[in-house]
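Secondary and tertiary structure notes
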Amino acid sequence: MTGRLAVVGLGPGDARSLTPEADAALAAADALYGYGPYLDRVPARVAQRRHTSDNREERARAEAALTHAAQGAYVAVVSGGDPGVFAMAAAVCEAIECGPLIWRALDVVIIPGITAMLAVAARIGAPLGSDFCALSLSDNLKPWELIEQRLDAAVGAGFVIALYNPLSRARPWQFGAAMERLRRHLPSATPVVFGRAVGRPDENVSVVTLGDADAASADMATLVIIGSRATRVVERLDRTPLVYTPRAVVEVSA
Ligand code: SAH
């Protein structure tokens, strides 16, 4: 079995944050599979075929890529950010678990990328400097009640929370509902970071308080970081503030 499949993380958007390992895998592949806007970021190469699909068709895309690799090709499946964070690597693993035995003989490699929460955090200071968790607010693949339970548990445990997929056209109210819930547990002065399209020309990063945060400030391209009770904002001279969570935890949160 000579087929090979790489699941490649493209990073948040800026070509400079694509790793050399990811770049080499993309250059070597016979075919690329992915969501159109992600494939658009990869330079065109002669004799390399591109298979574009819709963002919601992750499982079908994984199966098509595995079928192609099983014919002996070197296939790369691309993801924005890191492929293991709410993205294609898990879809490929699911497909292999449920698919024909021959897919288990393929050489499958996952090539990491800089995930959105790290790219956003780096723009603003060190909000993830102590314990944190990441939650996807998308209820396409899990019930909304579970998302609410996890938000409550994360706040109860004192974690900083990185929120992926805050909302989309098909999920307009979820982020507002999540913010309402967070306001019940956290002080209104808690820092909230909105990082939109980080690494792309239309990037915008802002810091507000939980009390002032407007759910309409987020969209599909936004990663939201909700601070913990320990997260601090350091005002600076003629510069944007630094948001950070101290490394040392001095008191147990309520
Ligand atoms: N695998 C991706 C995440 C896919 S889920 C990663 O590791 O980053 C899609 C969500 O990621 C978006 O709704 C948004 O919350 C976040 N996201 C992806 N790229 C982003 C960027 N450049 N800036 C801010 N958030 C981003």
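Higher on the page you've got the structure.
Now for a look at the structure at hand. (Residues numbered from 1 in each chain as written. Predicted model: local features only at pLDDT ≥ 70, side-chain atom pairs only at ≥ 80, totals over all residues. Heavy atoms only, no water.)

**Thoughts on a nonpolar patch on the surface**
Keep this limit in mind: Patches here: salt-bridge-free residues with over 30% relative accessible area, like charges joined within 9 Å, nonpolar side chains (Val, Leu, Ile, Met, Phe, Trp, Tyr) joined within 5 Å. Note on areas: Shrake-Rupley, 1.4 Å probe, and residue coverage restricted to the protein chains presented here. The term salt bridge refers to a pairing of a side-chain nitrogen on Lys or Arg with a carboxyl oxygen on Asp or Glu at a separation within 4 Å. By the criteria applied, helices consist of DSSP H or I runs no shorter than four residues and strands consist of E runs no shorter than two, each listed in order from the N terminus. Exposure is judged per residue with a 1.4 Å probe applied to protein chains only, and the accessible area is read against the type maximum: over 50% gives exposed, under 20% gives buried, and values in between give partly exposed.
On the surface, a nonpolar cluster with roughly 210 Å² of combined accessible area is contributed by Val 234, Leu 242 and Tyr 244. If you trace the backbone, Tyr 244 turns up in strand S13 (residues 242-244). Accessibility expressed as a relative area gives 33% for Tyr 244, which makes it partly exposed.

**Description of helix H7 (residues 174-185)**
Selection criterion: Every helix has an expected span of 1.5 Å times one less than the residues it contains. It is the directions from the helix axis to the C-beta atoms that the arc portrays. Only heavy atoms enter the contact rule, under which two residues are in contact if any of them lie within 4.5 Å.
In this model, H7 (12 residues) spans 17 Å end to end at C-alpha, consistent with the 16 Å of a helix rising 1.5 Å per residue. Residues of H7 that are buried: Gln 174, Phe 175, Ala 178, Met 179, Arg 181 and Leu 182. Down the axis of H7, the sector holding all buried residues measures 160°, keeping them to one side. The secondary structure elements touched by the buried residues of H7 are helix H6 (144-156), strand S8 (160-164), strand S9 (191-196) and strand S11 (222-226).

**Observations concerning the site of the ligand**
To keep it simple, the criterion reads: Any residue with a heavy atom lying within 4 Å of a molecule or strand is counted as near it. Any N or O atom pair separated by 3.5 Å or less is treated as a polar contact, with the protein-specific requirement of one donor-capable and one acceptor-capable atom, and with residues adjacent in sequence counted only for side-chain atom pairs. Amino acids are sorted into nonpolar (Ala, Val, Leu, Ile, Met, Phe, Trp, Tyr, Cys and Pro), charged (Asp, Glu, Lys and Arg) and polar (every other residue, Gly among them).
In the region of the ligand, 20 residues are neighbours, and Asp 82, Val 85, Thr 115, Met 220 and Thr 222 sit closest. Contacts to the ligand include Pro 12, whose backbone N or O atom sits 3.1 Å from a nitrogen atom. Between the ligand and Leu 223, the relevant distance is 3.5 Å, taken from a nitrogen atom to a main-chain nitrogen or oxygen of the residue. Starting from 540 Å² of accessible surface for the ligand in isolation, the protein chains cover 93%. Of the residues contributing to the shell around the ligand, the split by class is 12 nonpolar, 6 polar and 2 charged.

**Structural notes on unusual backbone geometry**
Backbone geometry places Ala 197, a non-glycine residue, at a positive phi of 50°. The exposure class assigned to Ala 197 is buried, which follows from its relative accessible area of 2%. Its identity is not glycine, yet Asp 238 carries a phi of approximately 55°, on the positive side. The class of Asp 238 is exposed, set by a relative accessible area of 84%.

**Quick look at the pairing of S11**
Put simply, the rule is: Strands pair, by our definition, only if DSSP identifies at least two bridges between them.
A large share of S11 lies buried, amounting to 5 of its 5 residues. Burial along S11 is two-sided: Thr 222, Val 224 and Ile 226 facing one way and Leu 223 and Ile 225 facing the other are all buried. By the bridge criterion, 3 bridges tie S8 to S11 in an arrangement that is antiparallel. Of the residues in S11, the one forming a bridge with Ile 161 is Ile 226. Pairing geometry for S9 and S11, over 5 bridges, is antiparallel. By the bridge assignment, Gly 195 is partnered in S11 with Leu 223.

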